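Examination of the molecular architecture
Now for the letters of each chain:
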Amino acid sequence: MKNIFDAPFICEMRKTTANMYRLGWDERNGGNVSYLLTEEEVSEYLDTSKVIRTIPIGFKADDLIGKYFLVTGTGKYFKNVDGDIENNLGIIRIAPDGETAELIWGYKDGGRFTSELPAHLMSHMARLKVDPENRIVMHTHPTNTVAMTHIHPLDDKSFTRTIWGTCTECIVVFPEGIGVLPWMVCGNNEIGIATAEKMSDYRLVIWSQHGIYGAGKSLDETFGLIETVEKGAELYMKYASFPILNRITDDDLRALTKAFNIKFREDFLD
Ligand code: 2HA
Ligand code: ZN
């Protein structure tokens, strides 16, 4: 059996969480990531018949029975993942009852997965319905994106239109737009259900005055989505309080999507 420390999914997770920390998005225990793994991938490194312990999930995730996830731990700091993967990360499998997680590796100090697991698993279920190749759900607290939710209307259409207008690449990277939730209590099933509902239409869902959720086929794709929203929000926070002389118009955005042959949320333009 190969050494789990050499697994590509572990190396990617170490690099990604370290990068997010350095960007200032994941203060203290902020942020969490879940990565859907295949049985084949996991069994190259671990004996999947050995369950270390079981942990209740808190809801029924029937669509995910038998699936494996690499998940960041609750109360753990992204700052520390790279130097101590066995305490900060865990690999779980959803048990046949759909409401228990079987720990296969990690959370060595007796820990458990992120308190946001309901939002993660519900988002995985929603994304897998529209994209069977989706593997990642990522939650983080990007500074400018959170700042922008304090000063901008919070409906999907106007928030998306503003971010699309901040710089040329935004509509190319997320042509389906961004879902926006109002401020809500986090860590429970209710916010998980609300997030997953938006995830049927979007790969990006903003939690106002808190952070963002992204979903994608790889850590790179998902990080890139969030990074691009954050770039747009950063630009907006820089220019929003100045007199605006020049804008990307609706017609400009239409011309851009035509040139790149991109299908986009046309009802988000006027
Ligand atoms: O797990 O980011 O939303 C820490 C958080 C909670
Ligand atoms: Zn958070």
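Look a little higher up for the structure.
Here is a short report on the structure shown in this document. All of these numbers come straight from a predicted model, not from anything done at the bench.

1. Some thoughts on the site of ligand 1
Residues in contact with ligand 1, as listed here, are Asn 29, Gly 30, Gly 31, Asn 32, Glu 116, His 139, His 141 and His 210. Taking His 210, its side chain carries an N or O atom lying 3.0 Å from an oxygen atom of ligand 1. Isolated, ligand 1 exposes 220 Å² of accessible area, and the fraction of that covered by the protein chains is 88%.

2. Examining the packing of aromatic side chains
Working definition: an aromatic ring pair is given by the centre-to-centre distance plus the angle between the planes. In total, this model carries six aromatic pairs according to the counting rule given. When the centroid spacing of 6.0 Å and the interplanar angle of 70° are considered together, the rings of Trp 164 and Phe 264 count as edge-to-face. Note that Trp 164 is positioned in helix α7 (residues 156-164) and Phe 264 in the segment after α11 (250-259), a separation of 100 residues in sequence. Given the relative accessible area of 0%, Trp 164 is considered buried. Taking the centre distance of 6.2 Å and the plane angle of 50° together, the rings of Trp 164 and Phe 268 count as tilted. Pair noted here: Trp 164 is in helix α7 and Phe 268 is in the segment after α11, with a separation of 104 residues, a long-range link. Put simply, the rings of Trp 164, Phe 264 and Phe 268 touch in pairs and so form one group of aromatic residues.

3. Things to note about the layout of surface pockets
In this model, the largest pocket occupies a volume close to 270 Å³. Around the largest pocket, the lining residues are Arg 161, Thr 162, Gly 165, Thr 166, Tyr 236, Tyr 239, Ala 240, Ile 244, Asn 246, Arg 247, Ile 248 and Thr 249. Contributing elements (two or more residues each) for the lining of the largest pocket: α7 and α10 (219-239). Considered class by class, the residues forming the lining of the largest pocket number five nonpolar, five polar and two charged.

4. What to know about the environment of Ser 115
By the element assignment, Ser 115 lies in the loop between β5 (100-106) and α5 (117-130). The class for Ser 115 is partly exposed, based on a relative accessible area of 43%. The sequence separation of Ser 115 and Glu 40 amounts to 75 residues, and the corresponding C-alpha distance is 27 Å. Look past the residues within four positions of Ser 115 in its chain and what remains in contact with it is Thr 74 and Gly 187.

5. Focus: the sheet that holds strand β4 (residues 89-94)
Pairing within the open sheet is mixed, and its nine strands lie in the order β2-β5-β4-β3-β1-β6-β9-β8-β7. In this open sheet, the two edge strands, each paired with only one partner strand, are β2 (53-56) and β7 (179-181). Each strand axis lies, on average, 25° off the axis of its neighbour in the sheet, ignoring direction. Note: strand β8 (residues 204-207) against strand β9 (residues 211-216), four bridges, orientation antiparallel. In the sheet register, Ile 206 faces β9, and the bridge partner there is Ile 212. Along the sheet, α10 contacts β1 (32-37), β6 (136-140), β8 and β9; its crossing angle with β9, the most-contacted strand, is approximately 145°.

Basis of the calculations
Residues numbered from 1 in each chain as written. Chains lettered and ligands numbered in written order. Predicted model: local features only at pLDDT ≥ 70, side-chain atom pairs only at ≥ 80, totals over all residues. Heavy atoms only, no water. Near = heavy atom within 4 Å. Polar contact = N/O pair within 3.5 Å; in protein donor to acceptor, adjacent residues only side chain to side chain. Areas by Shrake-Rupley, 256 points an atom, 1.4 Å probe, with all protein chains shown as cover. Phe/Tyr/Trp six-rings, centres within 6.5 Å; stacked < 30°, edge-to-face > 60°. Helix = DSSP H or I, 4+ residues; strand = E, 2+ residues; numbered from the N terminus. Buried < 20%, exposed > 50% of the residue type's maximum accessible area, 1.4 Å probe, protein only. 1 Å grid on protein atoms, 1.4 Å probe; cavity = no way out; pocket = protein on both sides within 12 Å on 5 of 7 lines; lining within 4 Å. Points joined across faces, edges and corners; volume = space filled by probe spheres on them. Nonpolar A, V, L, I, M, F, W, Y, C, P; charged D, E, K, R; others polar. Contact = heavy atoms within 4.5 Å. Pairing = 2+ DSSP bridges. Axes fitted to C-alpha atoms, helices over the stretch in contact; angles between N-to-C directions.

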